[in-house]
Amino acid sequence: MSAISIREVTKVYEGGVEALRGVSLECASGHVTALIGRSGCGKTTLLNLCGAMDFPTTGEVSLAGQVTSRLDDAGLTHLRRNKIGFVFQFFQLLPSLSALENVELPLLLSGRKNTEATARERLRWVGLEDKTRSLPYQLSGGQMQRVAIARALVHDPAILIADEPTGNLDNASGDVILKLIRRAADELGAAVLIATHSAEAAAVADVRVRMGDGRIEKVER
Amino acid sequence: MKLFRRLILRPLRRDLTRTVLTLFSIALGVAVVIAIELSGDAATGSFESSLTTLVGKVDYEITANGGVDETYIGKLAALPVNARFSPVIEEPVVIVGHGSTTLYGIDLISSAGASTDSQSFDPEQFEHYAAVSNDLAERLHLKKGDALRLKGRSQSADFTIRTIAPDRNNEWIGVDIAAAQSLFDMNGRLDRIEVVLSPGENAGNVERLIKATVPSTWDVLTPGARSEENRRMLRAFRWNLRILSYISLLVGAFLIYNTIAVSVVRRRTEIGILRALGVNSRGVLLIFLGEASMLGVIGSALGVVIGRLLAAALLGMISDTVNALFTTSTPGPISLSPLSVLAALLTGTAVAFFSALIPAREAARVAPAEAMRRAIVEYETRLHVRRDLLMAAVVAAIAAVLCRFGPIDGRPVLGYAATLFAVAATALVAPAFVTGIVFVLRTTLKRIGGAAGLIAGRSLVASLSRTSIVVTALATAISMMISVGIMVGSFRETVQVWLDAQLRADIFMRAQGPATAGIYPPIAPNVPDIVRQTPGVAEVDTLRAFEFRYEGTRATFAAANMDIVRRRRFLKFVSGTFPAAPDTAMVTEPFADKHHLRTGDVMHIPLSGSTAALTVSGIYYDYSSDRGTVLVDRSTLLRYLPDQPVTNIAVYVQPGADAAKVRRDLEMRLRDFPLVIAPNEVLRRAAVEVFDRTFTVTYALEAVAIVVAMLGAANSLLALVLDRRREIGLIRYLGAATGQVRRMILMEAGLLGLLAGSLGSALGMALSLVLIYVVNKQSFGWTIQFHPPALLLAGALLLVWAVTVLAGVYPARFASRLQPGEAMHEE
């Protein structure tokens with residue numbers, strides 16, 4: 001079964017802007033799917049729907065087996081907390097928390113036990129076991145994004161959503177990040193959905209979905 | 001203008017809740033200052049004699065300690081001047097069946113022309129005529145022709161009302177001088193002589209001739225001088241209230257600083273763009289100073305309105321205190337002059353303007369290419385923590401040094417300055433304090449609050465510059481509560497201990513009349529003997545007290561049986577002891593302080609026609625009034641002023657006798673005399689009530705400062721939320737439920753309260769020492785023993801903390817309603 005299943009989804013914002021027009025997409029566990037397209041093509045809207053941040057206007061979004069339109073705000077929160085991890089272009093680490101504390105945060109939010117040990121383990125997984133006490137401003141861009149990946153994967157999510165994960169990094173750092181994302185699918189079995197402009201990023205994907213004007217124009221496998 | 005509307009008005013409208021909170025903070029700060037000023041003016045401004053209505057506008061008052069000799073009226077009337085000399089007796093009198101009021105005895109025949117009702121008097125009958133003030137007539141439903149029975153010291157007499165005199169806010173009865181002398185057993189004596197000059201008469205010449213005629217120990221004063229004297233007497237009291245009211249304004253200043261700082265941070269991108277578009281740094285500075293000034297003007301205008309309403313509420317309380325502790329006065333009307341409105345507007349706006357100067361200058365420093373980054377400000381704040389700590393130590397040392405100096409012109413100016421320096425030191429310590437405490441609590445916070453606890457603490461440190469300002473503002477308000485609480489609590493305890501030592505008798509008596517400072521109605525001469533003969537009475541101490549003038553200020557002169565005082569009352573001395581020899585006196589601590597007296601010094605006190613040279617045998621602790629008292633043995637007083645009436649009686653019952661039964665017996669035997677007979681506990685309770693009432697205004701002021709600080713806390717938490725939309729959005733992305741976001745903000749509020757509470761307590765303890773040992777001592781001369789009311793203060797702190805958490809409810813709800821997607825993409 002696909003971790004992300006989108007069927008005939010439309011999204012119309014207030015004011016009548018139609019961001020998605022009848023989109024259907026399946027993202028399987030252990031696979032990386034790349035969304036490619038120009039700005040305003042609907043990538044972010046689709047990511048929001050796949051990240052349980054929003055509801056479709058029509059159609060159905062099923063994430064890790066749960067149809068989002070049947071959930072209330074608390075249900076969506078629960079889904080995000082347990083099944084989804086996010087990686088952003090600008091890292092979005094909390095500047096006042098150390099690397100370890102940033103990674104620990106989703107576990108604390110979901111009230112899990114042994115949070116520190118789990119977070120430490122995930123930091124080791126991204127190769128930053130020596131940076132646990134560092135604050136974000138003491139890290140390089142690449143290191144910050146690795147911390148962000150550790151945070152997104154610390155609770156073993158079924159789905160990893162990455163919005164331009166290499167968009168703010170140099171090539172070398174970008175390569176490290178893409179390898180980690182690949183490993184997330186291969187080793188952890190997550191269904192990874194990346195929105196990207198970068199050809200390198202698209203190259204690591206199993207499926208490349210080209211979008212334009214709120215529709216899926218082409219799917220390459 | 002267009003730029004101002006777009007860059008200032010629009011954002012202010014966008015953050016309407018915060019704008020309203022800020023305006024209200026300024027308004028309350030200004031309102032308190034206005035209210036204290038207006039009600040203080042009204043409470044002290046009405047010393048003009050009510051006699052103006054009866055005898056016309058008085059130009060001079062001739063007075064002497066212990067009263068003036070009537071024969072001088074004849075000598076003065078013979079002077080070659082165009083002036084009228086009116087003998088006056090002013091005493092409390094009992095209207096049988098209606099309670100007491102003030103009685104003026106004047107020369108009705110010569111005053112008839114000046115009376116408002118100039119209908120002819122019957123020369124045979126004028127001794128029984130009475131004039132009644134309009135207010136009294138209205139209250140007692142009296143009209144012309146009604147009969148009144150008045151009871152004086154030992155005599156009673158019937159009068160017929162012939163005049164209802166229009167007089168504002170005053171209650172009195174006027175009768176002929178002869179009738180007044182008879183009522184009060186004052187044959188041949190007067191309280192004072194009032195002088196009314198004819199138009200065109202040379203005042204200087206008249207004054208010179210009067211002084212040449214009356215004994216040199218007498219005073220010839222203008223009524224203005226008397227009012228001025230009263231104002232001087234109230235100066236310390238009013239200054240202390242004024243300073244307290246400024247605290248609210250100071251707290252408001254912190255909040256303006258914070259509001260503008262938030263504005264600068266939130267509009268950093270706009271500032272950067274504006275600079276890139278060619279707006280110079282001066283332009284940016286003006287934009288933010290304009291915003292602060294606008295908030296200042298609107299807030300102050302609102303403050304004037306609230307202040308006028310608050311003044312009416314405070315007037316009663318302040319008048320009560322003035323009457324109980326300082327001097328008898330009737331509150332005048334509250335007058336809000338255009339000048340005071342202008343002063344309030346200017347003060348509020350200036351405070352807002354200067355508070356905004358630092359953040360506005362920071363905004364102006366933003367380079368065109370670089371939008372101001374919040375992180376830089378916070379980084380700099382963290383970087384300067386050590387330097388600030390060092391500066392705090394220096395500032396605190398200056399505060400300590402300032403406390404060593406004496407008063408300036410009778411005011412503890414340097415003591416006040418020390419409190420300001422202490423607040424400044426606290427502001428400098430705040431960043432280190434916040435960082436340190438959050439660091440210490442970090443594990444506990446995470447354990448208690450999970451993610452919410454972890455982030456709450458860190459966010460406060462991350463916004464250190466802003467957090468420090470809020471903590472300082474709140475801590476200042478709390479320190480005021482703590483310091484005044486400790487001062488009042490210590491004072492109360494000191495007074496209670498003193499009352500225990502002072503009020504040793506079982507029953508106390510005084511003549512009926514207002515129980516206000518400076519008024520001592522006499523008791524009939526045969527009362528002490530009746531008391532002595534009552535079964536169960538062991539000993540009777542009689543006191544003669546009257547108001548007198550010494551070195552330009554008024555105080556109380558009292559004479560008692562020193563042998564009984566020594567044996568019965570456990571007085572504590574600052575130095576020296578009871579007067580043993582003739583012409584020796586003991587004085588209260590405030591009196592010694594005011595006149596720089598030490599044991600062994602000689603006071604030259606004019607008493608009627610002669611001057612008594614009294615050696616100070618001792619200085620004793622006394623908290624009854626800050627006017628001060630000189631206490632001599634009765635034999636000493638009688639040498640200078642023979643035939644002195646008794647004004648207070650203290651009755652000691654025999655061991656084993658039932659004090660209540662003795663009191664009932666006394667009430668029965670003395671039922672024909674207008675006396676107040678009170679058992680020990682009633683007097684003690686009344687004294688504590690007067691004390692508590694005195695500090696009601698103080699508590700009201702404290703409450704306002706706390707409210708202003710709470711508004712500030714809510715405002716700042718909201719600012720923190722607005723400034724962290726992205727962070728809150730992120731946390732929601734990471735799986736935070738709305739409840740968790742709410743809890744996080746509430747924990748921040750609680751942490752703010754905790755930080756401010758602990759810093760405020762430390763500052764409050766320091767300030768209480770300044771208040772007790774510097775400000776109070778220099779203002780009033782009282783030594784207060786340090787007795788902090790720990791339980792009460794702990795309760796108050798807990799309450800303030802709870803209210804701070806409450807202040808976080810709205811920001812918490814606001815934060816929890818932020819849409820994560822919108823919040824993340826907004827910036």
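Being a predicted model, the structure only gives us computed values, none of them experimental.

1. A look at the overall build of chain A
A tally of regular secondary structure across chain A gives seven helices and ten strands. Expected size for 221 residues packed as a compact globule is a radius of gyration near 17 Å; at 17 Å, chain A falls within 12% of this value. For chain A, the spread of C-alpha atoms along the three principal axes comes to 45 × 40 × 35 Å. By the burial criterion, 52% of the 221 residues in chain A qualify as buried. Restricting the contact set of chain A to residue pairs at least 6 apart, pairs at least 24 apart contribute 69%.

2. Digging into the overall build of chain B
Of regular secondary structure, chain B possesses 28 helices and 19 strands. Looking at the 827 residues of chain B, the share that counts as buried comes to 51%. Within chain B, residue pairs in contact and separated by at least 24 positions form 85% of the contacts whose partners lie at least 6 positions apart.

3. Some points on the sheet that holds strand β9 (residues 207-212) of chain A
Residues and elements named next belong to chain A. Taken in spatial order, the six strands of this open sheet run β6-β7-β8-β3-β9-β10, and their pairing is mixed. A single partner strand is all that each edge strand has here, and the edge strands are β6 (84-87) and β10 (215-220). In this sheet, neighbouring strand axes are inclined to one another by 20° on average, regardless of whether the strands run parallel or antiparallel. Sitting on the sheet, helix α5 (residues 141-153) touches β6 and β7 (159-163), and the angle it makes with β6 is about 170°. Contacting β3 (32-36), β7 and β8 (191-196), helix α6 (residues 171-188) runs over the sheet at an angle of about 155° to β8.

4. Brief notes about the interface of chain B and chain A
Residue-level contacts link 19 residues of chain B with 21 residues of chain A. Of all the secondary-structure elements, those providing two or more residues to the side of chain B that touches chain A are α15 (413-462), α24 (725-733), α25 (738-780) and α28 (820-826) of chain B. If one sorts the elements of the side of chain B that touches chain A by residue count, α15(B) sits on top with eight residues. Class assignment for the residues of the side of chain B that touches chain A results in eleven nonpolar, six polar and two charged.

5. Quick notes on the pairing of strand β18 (residues 648-653) of chain B
Pairing of strand β10 (residues 507-511) of chain B with β18(B), which is carried by four bridges, proceeds in the antiparallel orientation. Paired with B:Phe508 across the bridge in β18(B) is B:Ala650.

6. Focus: the packing of helix α23 (residues 696-723) of chain B against α25(B)
All names here are of chain B. At a closest axis distance of 11 Å, the pairing of α23 and α25 adopts a crossing angle of 135°. Classed by the angle they form, the pair α23 and α25 counts as oblique. Crossing geometry of α23 relative to α25 is assigned as right-handed. In contact with Ala-713, Leu-717, Leu-720 and Val-721 of α23, α25 contributes Ile-745, Glu-748, Ala-749 and Leu-752. When grouped by side-chain class, the residues that make up the contact of α23 with α25 number seven nonpolar, no polar and one charged.

7. Here we look at helix α14 (residues 385-402) of chain B
Residue and element names in this part refer to chain B. Over its 18 residues, α14 extends 25 Å from the first C-alpha to the last, a length consistent with the 26 Å expected when each residue adds 1.5 Å. When we look at burial in α14, the residues that qualify are Val-385, Asp-388, Ala-392, Val-395, Ala-399 and Leu-402. Along the long axis of α14, the arc covered by the buried residues comes to 85°, so they all point the same way. For α14, the exposed residues lying more than 90 degrees away from the buried face are Arg-386, Arg-387, Leu-390, Val-394, Ala-397 and Val-401.

8. Brief notes about the pairing of β10(A)
Remark: a regular strand shows side chains that alternate across the two faces of the sheet. All names here are of chain A. Relative to β10, β9 runs antiparallel, the two sharing five bridges. Within the sheet, the bridge partner assigned to Val-209 lies in β10 and is Val-219. Hairpin connection of β9 to β10: two residues between the antiparallel strands, including Asp-213 at a positive phi of 55°.

9. A look at the sheet that holds strand β4 (residues 58-63) of chain A
Residues and elements named next belong to chain A. Sheet architecture is open: four strands sit in the order β2-β1-β4-β5, paired in antiparallel fashion. Two strands close off the open sheet at either side, each with one partner strand: β2 (18-27) and β5 (66-67). Bridge analysis of strand β1 (residues 4-12) against β2 gives six bridges, and the strand direction is antiparallel. Its bridge partner being in β2, Lys-11 is matched across the sheet by Leu-20.

10. Remarks on helix α21 (residues 659-669) of chain B
Residues separated by three or four positions in an α-helix point in the same direction, a consequence of the helix having 3.6 residues per turn. Residues and elements named next belong to chain B. Listed in full, the buried residues belonging to α21 are Val-662, Arg-663 and Leu-666. Down the axis of α21, the buried set is contained in an arc of 100°. They therefore lie on one face. Away from its buried face by more than 90 degrees, α21 exposes Ala-660, Lys-661, Arg-664, Glu-667 and Met-668. For α21, the secondary structure elements touched by its buried residues are β10, α17 (527-532), β11 (537-550), β18 and β19 (675-679).

11. Structural notes on the confidence of the model for chain B
Residues and elements named next belong to chain B. In the predicted model, chain B carries a mean pLDDT of 83, and 88% of its residues have values of at least 70. Averaged over each element, pLDDT in chain B is lowest for helix α3 (residues 51-55) (57) and highest for strand β14 (residues 584-588) (95). Every residue in residues 113-121 scores below 50 in pLDDT, and together they form 17 contacts with partners more than four places removed in sequence or on other chains. Here the complex is predicted with pTM 0.74, and the ipTM for its interfaces comes to 0.85.

12. Considering the environment of A:Phe91
Residues and elements named next belong to chain A. Tracing the sequence through the fold places Phe-91 in the loop between β6 and α3 (99-109). Given 22 C-beta atoms within a 10 Å radius, Phe-91 is considered buried. Apart from the residues within four sequence positions on either side, Phe-91 is in contact with Met-144, Gln-145 and Ala-148.

13. Section: unusual backbone geometry
For A:Phe91, which is not a glycine, the phi torsion comes out positive at approximately 65°. The backbone phi angle of B:His596 is positive, close to 50°, even though this residue is not glycine. Locating B:His596 in the fold gives a position in the loop between α19 (589-594) and β15 (602-607). Given 8 C-beta atoms within 10 Å, B:His596 falls into the exposed group.

Quick notes on the rules
Residues numbered from 1 in each chain as written. Chains lettered and ligands numbered in written order. Predicted model: local features only at pLDDT ≥ 70, side-chain atom pairs only at ≥ 80, totals over all residues. Helix = DSSP H or I, 4+ residues; strand = E, 2+ residues; numbered from the N terminus. Rg over C-alpha atoms; globule rule 2.2 N^0.38 Å. Buried ≥ 20, exposed ≤ 12 C-beta atoms within 10 Å, placed from the backbone. Contact = placed C-beta atoms within 7 Å. Pairing = 2+ DSSP bridges. Axes fitted to C-alpha atoms, helices over the stretch in contact; angles between N-to-C directions. Nonpolar A, V, L, I, M, F, W, Y, C, P; charged D, E, K, R; others polar. Parallel < 35°, antiparallel > 145°, perpendicular 65-115°, else oblique. Left-handed = near helix turned anticlockwise from the far one by under 90°. Expected span 1.5 Å × (residues − 1). Arc of directions from axis to C-beta. pLDDT = per-residue confidence, 0-100.

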